[in-house]
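# An overview of the molecular structure
These are the residues of each chain, in order.
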Amino acid sequence: MGTRRKSRELALQMLFQSDMGKQDADQVRRTFWAEHASASAEVRGFADDLFRVATDRLPEIDGLIERHAEHWRMERMAAVDRNILRAAVAELLGFPATPRAVIINEALEVARKFSAPESLQFINGVLDSVGRDLEKRIAG
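## Quick notes on helix H5 (residues 79–94)
In this model H5 runs 22 Å from its N-terminal to its C-terminal C-alpha over 16 residues, within 8% of the 22 Å that 1.5 Å per residue would give. By the criterion of burial, H5 is predominantly enclosed, with 14 of the 16 residues buried.

The following block contains the structure:
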């Protein structure tokens with residue numbers, strides 16, 4: 001598994017811990033990295049970057065997801081799916097040099113590992129819609 005994929009998986013796990021455990025970002029970082037001390041500096045660095053963008057911009061990210069997930073509120077989504085979406089949208093916002101297709105494909109690979117098979121189409125559709133919207137904003 002590549003370094004970036006591992007980072008994306010760890011960022012998802014951190015977001016899930018924050019979401020389900022109702023923990024703030026500092027609490028999550030402390031406990032999470034104590035348990036994952038073997039992660040390389042490169043893996044940890046990108047995971048921390050994704051987690052920081054996702055937590056710093058959470059209201060904006062959740063708003064984007066809800067606007068593009070027709071008839072779905074964040075609290076009704078499966079927790080894993082909600083946090084896969086948050087991590088991927090954080091990457092779309094925070095790392096615009098990474099192609100949208102790469103971010104979406106990576107999110108789908110993470111979803112294949114951590115989510116239900118029927119979630120893939122939902123995640124793909126939401127991320128594609130968010131990505132197109134963000135590209136229009138940048139271009140326009």
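## Topic: the nonpolar core
Of all hydrophobic cores here, the largest spans 43 residues; its most connected members are Ile-61, Ile-65, Ile-84, Leu-85, Val-89, Ile-123 and Leu-127. Every element with two or more residues in this core is listed here: helix H1 (3–21), helix H2 (25–35), helix H3 (41–56), helix H4 (58–68), H5, helix H6 (100–114) and helix H7 (119–139). Top contributing element to this core by residue count: H5, with eight residues. Apart from residues no more than four positions distant in its own chain, Leu-85 is found in contact with Ile-65, Met-77, Phe-122, Ile-123, Val-126 and Leu-127.

## Some points on the packing of aromatic side chains
Following the criterion strictly, the structure yields three aromatic pairs and no others. Taking the centre distance of 5.1 Å and the plane angle of 85° together, the rings of Phe-32 and Trp-33 count as edge-to-face. Judged by its relative accessible area of 3%, Phe-32 is buried. Residue Trp-33 is classed as buried on the basis of its relative accessible area of 4%. Between Phe-46 and Phe-95, the aromatic rings sit 5.2 Å apart at their centres with planes inclined by 70°, giving edge-to-face as the arrangement.

## Things to note about the packing of H1 against H3
Relative orientation of the contacting elements H1 and H3 amounts to 45°, with a least axis distance of 8 Å. The orientation of H1 with respect to H3, classified from their angle, is oblique. Crossing angle aside, the handedness with which H1 passes H3 is right-handed. Contacts from Thr-3, Arg-4, Lys-6, Ser-7, Arg-8, Leu-10, Ala-11, Met-14, Leu-15 and Ser-18 in H1 reach Glu-42, Val-43, Phe-46, Ala-47, Asp-48, Leu-50, Phe-51, Ala-54 and Thr-55 in H3.

## Details of the side chain of Arg-8
Relative to the helices and strands, Arg-8 resides in helix H1. Residue contacts for Arg-8: discarding those within four places in its chain leaves Phe-46, Leu-50, Glu-91, Thr-98, Val-102, Glu-106 and Val-110.

What counts, and where the lines are drawn
Residues numbered from 1 in each chain as written. Predicted model: local features only at pLDDT ≥ 70, side-chain atom pairs only at ≥ 80, totals over all residues. Heavy atoms only, no water. Helix = DSSP H or I, 4+ residues; strand = E, 2+ residues; numbered from the N terminus. Expected span 1.5 Å × (residues − 1). Buried < 20%, exposed > 50% of the residue type's maximum accessible area, 1.4 Å probe, protein only. Core = buried A, V, L, I, M, F, W, Y, C linked by side-chain atoms within 4.5 Å. Contact = heavy atoms within 4.5 Å. Phe/Tyr/Trp six-rings, centres within 6.5 Å; stacked < 30°, edge-to-face > 60°. Axes fitted to C-alpha atoms, helices over the stretch in contact; angles between N-to-C directions. Parallel < 35°, antiparallel > 145°, perpendicular 65-115°, else oblique. Left-handed = near helix turned anticlockwise from the far one by under 90°.

Honestly, it's all geometry; don't read function into it.
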